[in-house]
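If you want the building blocks of each chain, they are given just below.
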Amino acid sequence: MTENLLPAPRAARALPGHFELGARTVVDGDATAGVVRRALATWPLAAGGGGDIRVSADASLPAEGYRLQIGPDHIQIAAGGPAGAFYAAQTLRQLAPQDAWRAAAAPGAAWAIGCAEISDEPALAWRGAHLDVARHFFPKAAVLRFIDLLAAHKLNVLHLHLTDDQGWRIESRRYPALHEIGSWRPQTQVGKDRTVFDGVPHGGYYTLADLAEIHAYAAERMVSVVPEVEVPGHARAFLAALPSLAASPGTREQSVACRWGILEEIMSPLPATLDVLGELFGELLGAIPAPFVHIGGDECVLTYWESDPAIASYRESLGLAGFEALHAYFLRQVADLLASAHDARAIVWDEGFTSGKLRDDTVVMPWHGMAIGREAARAGHDIVATPQDVTYFDHAQSADPREPLNIGWLTSIEDVAAFAPLPADWSPAEAGRVIGAQFQLWTEYIKDARKLDYTAFPRACAFAEVAWTGKPSPWPGLSGRVEAQLRRLTSAGVEYRPLSGAHPWQS
Ligand code: TNX
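Residues numbered from 1 in each chain as written. Predicted model: local features only at pLDDT ≥ 70, side-chain atom pairs only at ≥ 80, totals over all residues. Heavy atoms only, no water.

Asks: Give a description of unusual backbone geometry that names residues and reports values.
Replies: The omega torsion across V231 and P232 is -20°, close enough to zero to call that bond cis. Take P232: it is sitting in the loop between β15 (224-231) and α6 (236-241). Between F457 and P458 the backbone carries a cis peptide bond, its omega angle lying at 15°. By secondary structure assignment, the location of P458 is in the loop between α16 (449-456) and α17 (459-469). Phi angles above zero are rare outside glycine, and K154 is one such case at about 60°. Its location among the elements puts K154 in the loop between α3 (140-152) and β8 (157-161). Accessibility expressed as a relative area gives 1% for K154, which makes it buried. (Helix = DSSP H or I, 4+ residues; strand = E, 2+ residues; numbered from the N terminus. Buried < 20%, exposed > 50% of the residue type's maximum accessible area, 1.4 Å probe, protein only.)

Asks: So what's going on with the packing of α3 against helix α5 (residues 208-220)? Residues and values would help.
Replies: The N-to-C vectors of α3 and α5 enclose an angle of 15°; their axes lie 10 Å apart at closest approach. As summarised for this structure, α3 and α5 are arranged roughly parallel, according to the angle between their axes. Judged by the twist between their axes, the crossing of α3 over α5 is right-handed. Residues K140, V143, L144, I147 and D148 of α3 form the contact with α5, whose participating residues are D210, E213, I214, Y217 and A218. Its residues placed into classes, the contact of α3 with α5 shows 6 nonpolar, no polar and 4 charged. (Axes fitted to C-alpha atoms, helices over the stretch in contact; angles between N-to-C directions. Parallel < 35°, antiparallel > 145°, perpendicular 65-115°, else oblique. Left-handed = near helix turned anticlockwise from the far one by under 90°. Contact = heavy atoms within 4.5 Å. Nonpolar A, V, L, I, M, F, W, Y, C, P; charged D, E, K, R; others polar.)

Asks: Explain the sheet that holds strand β2 (residues 26-29) residue by residue, including any values.
Replies: Pairing within the open sheet is mixed, and its 6 strands lie in the order β1-β6-β4-β5-β3-β2. Edge strands, defined here as strands with exactly one partner in the open sheet, are β1 (11-21) and β2. Neighbour to neighbour, the strand axes of the sheet diverge by 25° on average, direction disregarded. Taken together, the 8 bridges between β1 and strand β6 (residues 111-120) define a ladder with antiparallel strand orientation. Across the sheet, the residue bridging to H18 is G114, located in β6. Contacting β1, β2, β3 (52-57) and β5 (74-79), helix α1 (residues 33-41) runs over the sheet at an angle of about 165° to β2. Against the sheet, helix α2 (residues 82-95) engages β3, β4 (66-70), β5 and β6, with an angle of about 40° to β4. (Pairing = 2+ DSSP bridges.)

Asks: So, the layout of surface pockets: which residues are in play, and what are the values?
Replies: A volume near 630 Å³ is recorded for the largest pocket. Where the lining of the largest pocket is concerned, the elements lending two or more residues are α1, α2, α3, α5 and α18 (475-492). When residues in the lining of the largest pocket are grouped by element, the largest group, 5 residues, is from α3. Taken together, the residues of the lining of the largest pocket sort by class into 15 nonpolar, 3 polar and 7 charged. As a volume, the second largest pocket reaches approximately 440 Å³. Taken together, 23 residues make up the lining of the second largest pocket; nearest its centre are R135, E299, D394, I407 and E444. When the residues that make up the lining of the second largest pocket are grouped by side-chain class, the tally is 9 nonpolar, 5 polar and 9 charged. (1 Å grid on protein atoms, 1.4 Å probe; cavity = no way out; pocket = protein on both sides within 12 Å on 5 of 7 lines; lining within 4 Å. Points joined across faces, edges and corners; volume = space filled by probe spheres on them.)

Asks: Outline the nonpolar core, supporting the account with residue identities and numerical values.
Replies: Within the largest apolar cluster, 149 residues are counted, with the highest numbers of intra-cluster contacts made by I53, F146, L211, F238, F281, I295 and F439. Apart from the residues lying within four places of it in its own chain, the contact partners of I295 are V229, E230, V231, F281, L331, V334, A335, L338, A346, I347 and V348. Membership of the second largest hydrophobic core comes to 12 residues, among which are V157, F292, I347 and W367. (Core = buried A, V, L, I, M, F, W, Y, C linked by side-chain atoms within 4.5 Å.)

Asks: Quick rundown of the side chain of H202? Include the residues and the values.
Replies: Along the chain, the position of H202 falls in strand β14 (residues 202-203). A relative accessible area of 17% means that H202 is categorised as buried. Here the side chain of H202 touches F137 through a polar contact of 2.9 Å, landing on its backbone nitrogen. Apart from residues no more than four positions distant in its own chain, H202 is found in contact with R135, H136, F137, R169, S183, W184, R185 and T188. (Polar contact = N/O pair within 3.5 Å; in protein donor to acceptor, adjacent residues only side chain to side chain.)

Asks: Report on the pairing of β2, specifying residues and quantitative values.
Replies: Regular strands place their side chains on alternate faces of the sheet. Two strands pair when backbone bridges link them, and β2 and β3 are joined in this way by 4 bridges, in the parallel orientation. Among the inter-strand pairings, V26 is bridged to a residue of β3, identified as D52.

Asks: Please provide a residue-by-residue account of the site of the ligand, values included.
Replies: Close contacts around the ligand come from R135, H234, D298, E299, W349, W367, Y392, D394, I407, W442 and E444, and that covers them all. D394 has a polar side-chain atom sitting 2.7 Å from an oxygen atom of the ligand. At 2.7 Å from an oxygen atom of the ligand is found a side-chain nitrogen or oxygen belonging to E444. Burial of the ligand by the protein chains amounts to 92% of its free accessible area of 360 Å². Among the residues making up the shell around the ligand, the classes are represented as 5 nonpolar, 1 polar and 5 charged. (Near = heavy atom within 4 Å. Areas by Shrake-Rupley, 256 points an atom, 1.4 Å probe, with all protein chains shown as cover.)

Asks: With reference to specific residues and values, describe the packing of α1 against α2.
Replies: Running from N to C, α1 and α2 point in directions that differ by 35°, and their axes come no closer than 8 Å. Taken as a pair, α1 and α2 cross one another with a handedness that is right-handed. Listed contacts from α2 to V35, V36 and A39 of α1 are P82, A85, F86 and A89. Each residue belonging to the contact of α1 with α2 can be placed in one class, and the counts come to 7 nonpolar, no polar and no charged.

Following this line, the structure appears as structure tokens:
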């Protein structure tokens, strides 16, 4: 039923009759047909069915746009490009019975798909999900499954937060200490108490081959991977492996962090750090040839810069007024390096923008709120809307005492549905800087894939609607379509939070 599609298409009209989709259905057409054929090959099609699906490129449509005409004997897909064809296939799967979301076919009949005419395209180019694999490591299989779920929601960016104080998750052939020492910690803080630890080692990292595989798997599903390497702060794991690159050496902790929060240890901004980062980006971007690379820049305590004589005189030699300006200068250098060596654009959290002048093409993620995003947009930066009050899914889903341990606050699905990534009072020039929106999954309190399911869904369903349509989709109107999507996720085996609240075993 077209009214159960999520995200909602631009225009849809149900028609009489139905098409029978099954193993005997043939996919043909031009080069874009391959995308649809590959998608169908992963579906649990029942024996039987028939008819054909004709796919063709239509240059008058945007790359991610498509037109889907379902008749009783033929399905016609016109796609702006491979992404459009892929999204047409996702829509088709949502129009099938919920068993279409299983991994293999239960014995049964071909799927009856109601005849319809749909024309669709996204409002926002960047429809992202951020996953912190540093605080807790998520094995490759969990990441691949997450990519499948993003693609099913027509989301197209996976921002992987690969490094932080508590873990470095990237193999380095040049500096193996990074994955040997930086990828694990002996124990982890228990709950919110920073003085109590569980005594259980935690760790893991992706080899460069794993990262290349994640990138390729995502690309087949029209998802771009944006790797993040945090500089210069949130770097305890990096500095545990490469202690000579720390500011104020000798005065600080020299181990992978076991507790959460803002820690003082920070990379030195001297050229030696940039040289090493340059080599590491070479390795990383060899595996993931990403056009955007996130370099963090958030929550930096600059005390160890101030107390380090070499860094203080470096700042003076550059004629920079203060250490904040040096922070911006350092981010600018990393961004220059990415641009010159890899033709990649840097992304920073908003502290990068408030600390001083960035490279003009640096993208800002305004996590402190849309007001900061607006300032960055006015200053000429592209932004991806990431305000923590609505896009931080590590916040509690409800005030119900049954909610499992979370970082606090409250971000309900209603809040997500009401989110306006293009605020009504922004000028067209300001709104034109919003390249998209993204939800965040920080994993201090998300230890495994089951809790990840619970935390991500169903808020990600509401988010997908907002990101695809570019505007709020008030909850009462959206709820029926989210319920339909949750039936599909049930078939897919996703352990989401039921709309009525946590199951006893999820609390
Ligand atoms: C702030 S958002 C952080 C993260 C934490 C998160 C928890 C940002 C750029 N920094 O390091 O995980 O809050 O919500």
